[in-house]
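# Chain and residue survey
Single-letter residue listing:
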Amino acid sequence: GLLLPKGAADVRCVELYQSRVACCSSRNVRLETWDGAEWQTISTWDTTQIVPSAGYTQRLVVPNSCDRGFPEGIGVTHDCVGRPISGLQRGDICHASCEEGYFGSRTQV
């Protein structure tokens, strides 16, 4: 594992250096963060799908958490914030619905 110094927020890229020999490299790599209570997966990569850049390094792009564009309005509730730290990622699905006393159907956002 790799332990980043405290305050290493907003990591957008991880560069992985590993052997090109299949028996000596990791096919799957997972980036996790500790939220104080449990580990959260930020991203996973299948390294066989990533073309190495210079030499033997593979650049693993860390996705941005969704942090804006949430459904809003009077009587609207949603689950689009996601988990602490990791939030929702591109491709994740959330839902918006109406609070009690308001009318409308639950919608996938």
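The sections below set out a description of the structure shown in this document.

Thresholds applied
Residues numbered from 1 in each chain as written. Predicted model: local features only at pLDDT ≥ 70, side-chain atom pairs only at ≥ 80, totals over all residues. Heavy atoms only, no water. Helix = DSSP H or I, 4+ residues; strand = E, 2+ residues; numbered from the N terminus. Buried < 20%, exposed > 50% of the residue type's maximum accessible area, 1.4 Å probe, protein only. Contact = heavy atoms within 4.5 Å. Areas by Shrake-Rupley, 256 points an atom, 1.4 Å probe, with all protein chains shown as cover. Pairing = 2+ DSSP bridges. Salt bridge = Lys/Arg side-chain N within 4 Å of Asp/Glu carboxyl O. Disulfide = S-S within 2.5 Å.

Before going further, it helps to examine the overall build of the protein. Helix and strand content of the protein: 0 helices and 9 strands. Looking at the protein as a whole, 20% of its 109 residues are labelled buried. Taking as baseline every contact in the protein between residues at least 6 positions apart, the subset at least 24 positions apart corresponds to 39%. Entry remark: accessible area of the protein is about 8,400 Å², with carbon and sulfur atoms responsible for 53%.

Taken together, 3 strands build an open sheet; the order of strands is β6-β8-β9 and the sheet is antiparallel. Strands with a single pairing partner mark the edges of an open sheet, and in this sheet they are β6 (76-78) and β9 (107-108). Where β6 meets strand β8 (residues 95-98), 3 bridges bridge the pair, whose relative direction is antiparallel. Bridge pairing in β8 links V76 to C98.

On the secondary structure map, S43 appears in strand β3 (residues 39-46). Judged by its relative accessible area of 13%, S43 is buried. Beyond its immediate sequence surroundings of up to four residues, S43 is in contact with V29, R30, L31 and P63.

The next subject is the pattern of salt bridges. Under the defined criterion, the tally for this structure stands at 2 salt bridges. Across the pair D46 and R27 runs a salt bridge, and its minimum N-O distance is 3.2 Å. Here D46 is found in strand β3, whereas its partner R27 is found in the loop between β1 (13-17) and β2 (28-34), with 19 residues between them in sequence. Classification of D46 as partly exposed rests on a relative accessible area of 21%. Of the charged contacts in the structure, one is a salt bridge between E32 and R30, with a shortest N-O distance of 2.8 Å. Under the relative-accessibility criterion, R30 is labelled exposed at 54%.

Scanning the model with the defined rule gives 1 disulfide in all. Across the disulfide, C80 is cross-linked to C94 (sulfur-sulfur distance 2.0 Å). The sign of the S-S torsion, about 80 degrees, decides the handedness of the disulfide formed by C80 and C94: right-handed. Residue C80 is located in the loop between β6 and β7 (88-89), and its partner C94 is located in the loop between β7 and β8; the two are separated by 14 residues in the primary sequence. Residue class for C80 comes out buried when judged on its relative accessible area of 2%.

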